[in-house]
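Examining the three-dimensional arrangement
Here are the chains, one letter per residue:
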Amino acid sequence: MEMSTMKKAIYLDNAATTKVIPEVLDAMIPYYQDKFWNPSSFYSPAHTCKNAIEEAREQIADSIGCAPREIYFTSGGTESDNWALEATVDAYQGKGNHIITTKIEHHAILHTCEYLKRRGCEVTYLNVDKNGKINLEELEAAIRPTTILISIMFANNEIGTIQPVKEIGEIAHKHGVLFHTDAVQAYCHVPIDVDEMNIDMLSASGHKFNGPKGVGFLFVRKGIKNKSFMHGGAQERGRRAGTENVAGIVGMATAVKYNLVALDERVVHETKARDYAIQRIESEIPYARLNGDPIDRLSNNINFSFRFIEGESMLLKLDACGICASSGSACTSGSLDPSHVLLAIGLPHEIAHGSIRLTLSEDITTEDLDYVVDNLKEIVAYLRDMSPLWEDFTKKLTA
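In this report, we go over the structure that sits alongside the text. (Residues numbered from 1 in each chain as written. Predicted model: local features only at pLDDT ≥ 70, side-chain atom pairs only at ≥ 80, totals over all residues. Heavy atoms only, no water.)

**Here we look at helix α12 (residues 366–385)**
For α12, built from 20 residues, the straight-helix expectation of 28 Å at 1.5 Å per residue is met to within 8% by its first-to-last C-alpha distance of 29 Å. Regarding α12, the residues found buried are Asp368, Leu369, Tyr371, Val372, Val373, Asn375, Leu376, Ile379, Val380, Leu383 and Arg384. (Helix = DSSP H or I, 4+ residues; strand = E, 2+ residues; numbered from the N terminus. Expected span 1.5 Å × (residues − 1). Buried < 20%, exposed > 50% of the residue type's maximum accessible area, 1.4 Å probe, protein only.)

**A look at unusual backbone geometry**
Most peptide bonds take the trans configuration, and most residues that are not glycine carry a negative phi. Phi is positive for Asn210, which is not a glycine, with a value near 75 degrees. If you trace the backbone, Asn210 turns up in the loop between β7 (201–205) and β8 (216–220). Phi is positive for Glu236, which is not a glycine, with a value near 50 degrees. Exposure remark for Glu236: the relative accessible area of 5% places this residue in the buried category.

**Structural notes on the side chain of Asn226**
For Asn226, the location among the structural elements is in the loop between β8 and α7 (246–261). Judged by its relative accessible area of 10%, Asn226 falls in the buried class. A distance of 3.1 Å separates polar atoms of two side chains, one belonging to Asn226 and the other to Trp83. Once you skip the residues sitting within four places of it in the chain, Asn226 turns out to touch Tyr72, Trp83, Ala87, Val220 and Arg239. (Polar contact = N/O pair within 3.5 Å; in protein donor to acceptor, adjacent residues only side chain to side chain. Contact = heavy atoms within 4.5 Å.)

This is the structure:
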């Protein structure tokens, strides 16, 4: 098998993590060196760090249309998701013990729900359609008198489908239920207004939009009971103990500012590149299935299943060509099981196993995508030639 060569590596796993841009790194470095103080200290220099945290809080609050006091800094999306669910259950146990979520959530939600079930909670997992969307009527029908929380992700990390978030929030509030959304993949990739979209709690993570790893935030609307998640000091208004990650918080806020300034332009560029690659794959590689909603989809997400081959074999071949891709969530890359998201949209195991995810950035070019698709065509053909499933299938076609 001869494959094309390219001098540079092409990174197409931006849903897993993104590069820290120079502006973010430059903003962070002083808080590791000249401004290294603990923001909780009493002396005057430490106030510089405290002020930097509050400026970052204002920047992030403005980005989603909330008050600064409604933003709590965390270590990332997983902590924010855990906090939203566990604190709600603790605070509202007098009202009920029922949570509604979906079968395609990130494992930070699904595993937390399993933990809460062991503590006596009841959880409803909504089905999704073939494109990964929930049915709003099924959501409303699932609400009980004991329902205290609906937690549905804004956009799926594997197939890119964007949920009808505003309508979900409307249904939740109509029935007096809180609405949390895991917006880790959506924040800084699509416009978000928590008031307009009826969102009560929202999780985000800095490294998904050119910020550093190890920092994120949880938005909690004023008036919602929000019990402490980390116990110890009085940081984050007594809700989340631990010395603040000043450099990380400043870096995340800088990344927010950078991304929102150019958001519309970036979405247009990524959407054009995404659709170009999808069109080439669909027209040039037979028995390829696009996973996720073709319209209500993140601008940088491409997810395909290729029949008769294994996704991991494709990834190894792509890696040999300098192409960085994935088969789904990085958090489950060690699992041999097919993606729970692909199974939930109705793919059989053998087809779900033959899937890859390509997630773009603002740096992607048509030349890059031509190189990727050209190699992908050769890889798929090569692997199918080795597949007994493909051999059986072609024999039936010619019989």
